[in-house]
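Chain by chain, the residues run as shown.
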Amino acid sequence: MKPIRRCQYENCGKVLTNRRPNVKFCGDNCRKHHATYLKRENDRFMSEKKIYEDLLQEAKLLENKDLLDLYKIIYK
């Protein structure tokens, strides 16, 4: 028995029947929404990364060894 294939978009999950075996999404809308979702997640990750890098630079400017070690522990 073959496993049931479903649309890869998180908010859809429709069953993919009578389709090509390598299709991942039930339609163009789900594919576009999934791409938008991935872009949004990547942008969020990059903004958080920038915030952590800025905090680390600020700690280096203070030249406080204890504070720098604390930032490294928290944000690594």
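Structure first, text after, so check above.
All values derive from a computational prediction rather than experimental measurement.

**Q** Explain the environment of Ile73 to me, and be specific about the residues and the numbers.
**A** Positionally, Ile73 belongs in helix α2 (residues 65-75). Remark: the alpha-carbon pair of Ile73 and Ser47, spanning 26 residues in sequence, is separated by 19 Å.

**Q** Tell me about the pattern of salt bridges, residues and numbers included.
**A** Scanning all chains against the criterion turns up five salt bridges. What emerges from the salt-bridge pattern is a single network uniting Glu41, Arg44 and Glu48.

**Q** Describe in detail the side chain of His34, supporting the description with residues and values.
**A** For His34, the position within the fold is in helix α1 (residues 28-62). Leave out the neighbours within four places in its chain, and His34 touches Gln8, Tyr9, Glu10 and Phe25.

The rules we used
- Residues numbered from 1 in each chain as written.
- Predicted model: local features only at pLDDT ≥ 70, side-chain atom pairs only at ≥ 80, totals over all residues.
- Heavy atoms only, no water.
- Helix = DSSP H or I, 4+ residues; strand = E, 2+ residues; numbered from the N terminus.
- Salt bridge = Lys/Arg side-chain N within 4 Å of Asp/Glu carboxyl O.
- Contact = heavy atoms within 4.5 Å.

This is a description of form; function is not addressed.
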